[in-house]
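Residue strings, one per chain:
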Amino acid sequence: MSDSLISAILAAALSAIAMTVIVGGRYVITSGLFAWITSRVRPGLYHGMGPQIGRELRWSLLSAAIYGIPAGIVAWGWQQRGWTRIYTDVDAYPLWWLPASLLVYLFLHDTWFYWTHRWMHRPKVFAAAHAVHHASRPPTAWAAMSFHPLEALTGAIVVPALVFLVPIHVAVLGAVLLVMTIMGITNHMGWEMFPRWLVHSPLGAWLITASHHQRHHEQYKCNYGLYFRFWDHLCATDRGLSAP
Ligand SMILES: [Zn+2]
Ligand SMILES: [Zn+2]
């Protein structure tokens, strides 16, 4: 192997390790923050759930590596090799593309999630890949990344694949990751942080918040979506809201 190839592999590996630390740190800080808010807003909600939270933490930290490795390699390729369609010049595409790309990314991620999630509820796949996530009954703010490695892999490849296909400004990509992080945690934390008027509004009928995903964890065979209720409505798998 040539020296330049070895140094490229080393740099990509370092980037993967750095990204794993970032994803793990982001998880601990944001889940910890929402767990702390939960202890203030709903005192005692996680009472007696220490062992489950320990399992959620361990699975989530393993998932951080599975998410961090492809993201780190792609981030290295973007910086060093001009890979991906991530752009930094706001004028590289029309301005309307900034908000539109956010919605496109969320919709595509949601679509991938809905269909892979339904597939993971087939009995054999469920036992192998998805039972870990459903072992959280009810889930807590620490369950956001509590996945078996097979399930984590299906989630980890989405955004690293999309950046090769759909142009996105680096700041919008940051916004996608922020929404992904916040909704992943708050949808599992066991109480609704959005106001009732929003959750029960016409807009709320199309958005997924804790009240919607909680019902998935209670009843399993419904409410499979991630951000939007579009696919659940279209495929008649939407069973409305729980009352966390
Ligand atoms: Zn869940
Ligand atoms: Zn599920």
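Residues numbered from 1 in each chain as written. Chains lettered and ligands numbered in written order. Predicted model: local features only at pLDDT ≥ 70, side-chain atom pairs only at ≥ 80, totals over all residues.

In the annotation of an unreviewed UniProt entry, the entry for the chain reads Sterol desaturase/sphingolipid hydroxylase (Fatty acid hydroxylase superfamily), and the organism field reads Novosphingobium fluoreni.

Q: Mind showing me how you'd approach the overall build of the chain here?
A: Per the secondary structure count, the chain includes 10 helices and 2 strands. Seen in sequence order, the chain has helices and strands lined up from the N terminus as α-α-β-α-α-α-α-β-α-α-α-α. In terms of C-alpha radius of gyration, the chain reaches 19 Å, essentially the compact-globule figure of 18 Å for 244 residues. Judged by the C-alpha coordinates and their principal axes, the chain covers about 60 × 40 × 40 Å. Evaluated residue by residue, the chain yields a buried proportion of 32% over its 244 residues. When contacts within the chain are restricted to residue pairs at least 6 apart in sequence, long-range pairs at least 24 apart make up 71% of them. (Helix = DSSP H or I, 4+ residues; strand = E, 2+ residues; numbered from the N terminus. Rg over C-alpha atoms; globule rule 2.2 N^0.38 Å. Buried ≥ 20, exposed ≤ 12 C-beta atoms within 10 Å, placed from the backbone. Contact = placed C-beta atoms within 7 Å.)

Q: Is there a simple way to think about the environment of F107 in this case?
A: Along the chain, the position of F107 falls in helix α3 (residues 97-120). Considering only alpha carbons, one finds F107 and F228, 121 residues apart in sequence, at a separation of 7.6 Å.

Q: In this structure, what is going on with the UniProt feature "transmembrane region" (unreviewed entry) in the chain? I would like to understand it.
A: UniProt records the feature "transmembrane region" (unreviewed entry) at residues 6-36, 57-76, 96-115 and 152-185, using the numbering of this structure. A distance of 29 Å separates the end C-alpha atoms of residues 96-115, which is 95% helix and 0% strand. Taken end to end, residues 152-185 has its terminal C-alpha atoms 15 Å apart, with 85% of it in helix and 6% in strand. (UniProt positions renumbered as here; feature names shortened; annotations may be inferred.)

Q: Can you walk me through helix α5 (residues 149-156) in this structure?
A: Given 3.6 residues per turn, any residue in an α-helix points the same way as the ones three and four places further on. Looking only at α5, the buried set comprises E151, A152, G155 and A156. An end-on view of α5 places all buried positions within 135° of arc, on one side of the element. Next to the buried residues of α5 lie α2 (50-81), α3, α4 (123-134) and α6 (158-165). (Arc of directions from axis to C-beta.)

Q: What's the story with the UniProt feature "domain: Fatty acid hydroxylase" (unreviewed entry) in the chain in this structure? I'm lost.
A: The positions UniProt marks with the feature "domain: Fatty acid hydroxylase" (unreviewed entry) are residues 103-237. Across residues 103-237, the secondary structure splits into 61% helix and 1% strand, with the terminal C-alpha atoms separated by 22 Å.

Q: Can you help me understand the nonpolar core in this one?
A: Within soluble globular proteins, side chains that are nonpolar tend to cluster in buried spots. In terms of nonpolar packing, the biggest core is built from 33 residues, with Y67, A141 and A144 touching the most fellow members. Elements with a minimum of two residues in this core: α1 (3-41), α2, α5, α6 and α7 (170-186). Broken down by element, this core gets its largest block of residues, 9 residues, from α2. (Core = buried A, V, L, I, M, F, W, Y, C linked by C-beta atoms within 7 Å.)

Q: Is there a simple way to explain α1 in this structure?
A: The first and last C-alpha atoms of α1 sit 56 Å apart over 39 residues, in line with the 57 Å expected at 1.5 Å per residue. Burial in α1 covers these residues: S15, M19, V23, Y27, S31, F34 and T38. The secondary structure elements touched by the buried residues of α1 are α2 and α7. (Expected span 1.5 Å × (residues − 1).)

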